[in-house]
Amino acid sequence: MDKVKVKIINSSRHDMPRYSTPLAAGMDVRANLESPVTLAPLQRAIIPTGLRIELPAGYECQLRPRSGLAIKHGITLVNTPGTVDADYRGEIGVILINLSAEPFVINDGERICQMVVTQHSQVEWDAVEQLDDTDRGEGGFGHTGVK
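These lines cover the structure that appears in this document, whether it is placed above or below. Bear in mind that the values here come from a model prediction, so they are computed numbers and not experimental data. (Residues numbered from 1 in each chain as written. Predicted model: local features only at pLDDT ≥ 70, side-chain atom pairs only at ≥ 80, totals over all residues. Heavy atoms only, no water.)

In space, the 3 strands of this open sheet follow the order 5-10-8, with antiparallel pairing throughout. The sheet is open, and its two borders are formed by strand 5 (44-48) and strand 8 (75-77), each paired with just one other strand. Sheet twist, expressed as the average angle between the axes of neighbouring strands with direction ignored, equals 40 degrees. Pairing analysis gives 5 bridges linking strand 5 to strand 10 (residues 93-98), with the strands arranged antiparallel. Directly across from Ala45, in strand 10, lies its bridge partner Leu96. (Pairing = 2+ DSSP bridges. Helix = DSSP H or I, 4+ residues; strand = E, 2+ residues; numbered from the N terminus. Axes fitted to C-alpha atoms, helices over the stretch in contact; angles between N-to-C directions.)

Encoded structure:
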């Protein structure tokens with residue numbers, strides 16, 4: 001398993017993000033709040049984390065929903081996965097939304113999302129007049145489920 005060093009400033013009152021199990025891909029990220037935030041049904045809010053990071057070139061940080069919050073409470077990320085680029089130096093904020101019919105209270109220190117740091121590529125476009133043929137062709141949006 002590859003490891004990459006990432007500089008971090010943690011101005012929260014909480015531990016650094018960490019992996020819960022030895023083979024986990026995502027680290028738990030906690031809310032850094034002065035007071036609880038209540039999300040009404042369909043309401044969204046940016047929840048601060050107190051974290052700022054410096055990723056190496058060629059890496060990104062993805063913020064993803066926590067499955068437990070999603071299934072138990074209907075809490076997810078609006079822009080999933082949220083992307084933190086290598087040149088961003090501000091505090092990481094998590095855009096949560098309440099998709100349930102009940103208000104949900106987010107407390108300081110609550111685990112609100114998963115953070116995955118991964119390598120990425122940048123595209124160099126090659127403008128052409130035609131693309132290679134495939135068996136699939138232009139079939140999309142559920143075409144493989146129709147027989």
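It is worth spelling out the environment of Thr38 at this point. Along the chain, Thr38 falls in strand 4 (residues 37-39). Exposure remark for Thr38: the relative accessible area of 44% places this residue in the partly exposed category. For the pair Thr38 and Val105, spaced 67 residues apart in sequence, the C-alpha separation works out to 4.3 Å. Residues in contact with Thr38, not counting those within four places in the same chain, are Gln43, Pro103, Phe104 and Val105. (Buried < 20%, exposed > 50% of the residue type's maximum accessible area, 1.4 Å probe, protein only. Contact = heavy atoms within 4.5 Å.)

A separate point is the pairing of strand 12 (residues 111-119). Both strand 3 (residues 27-30) and strand 12 contribute to a ladder of 4 bridges, which runs antiparallel. By the bridge assignment, Arg30 is partnered in strand 12 with Arg111. Two strands pair when backbone bridges link them, and strand 7 (residues 59-64) and strand 12 are joined in this way by 6 bridges, in the antiparallel orientation. Each bridged residue has a counterpart across the sheet, and for Cys61 the counterpart in strand 12 is Val117.

Further remarks concern unusual backbone geometry. Omega for the bond connecting Thr80 with Pro81 falls within 30 degrees of zero, at -10 degrees, which places this linkage in the cis form. Take Pro81: it is sitting in the loop between strand 8 and strand 9 (82-84). Of note in this structure, Leu42 is not a glycine but carries a positive phi near 70 degrees. Mapping Leu42 onto the fold places it in the loop between strand 4 and strand 5. What makes Leu42 exposed here is its relative accessible area of 58%.

Looking now at the pattern of salt bridges. Between side chains of opposite charge, a pair can form as their charged atoms come close. As enumerated under the stated definition, the model contains 6 salt bridges in all. Glu54 is the partner of Lys7 in a salt bridge, and the nearest nitrogen-oxygen pair spans 3.9 Å. Here Lys7 is found in strand 1 (residues 7-10), whereas its partner Glu54 is found in strand 6 (residues 51-54), with 47 residues between them in sequence. The shortest N-O distance in the salt bridge between Arg66 and Asp28 comes to 3.6 Å. Taken as a pair, Arg66 in the loop between strand 7 and helix 1 (67-73) and Asp28 in strand 3 lie far apart in primary sequence, 38 residues in all. A single burial state applies to Arg66 and to Asp28, both of which are buried. Taken together, the shared-partner salt bridges connect Arg13, Glu34 and Asp108 into one network. (Salt bridge = Lys/Arg side-chain N within 4 Å of Asp/Glu carboxyl O.)

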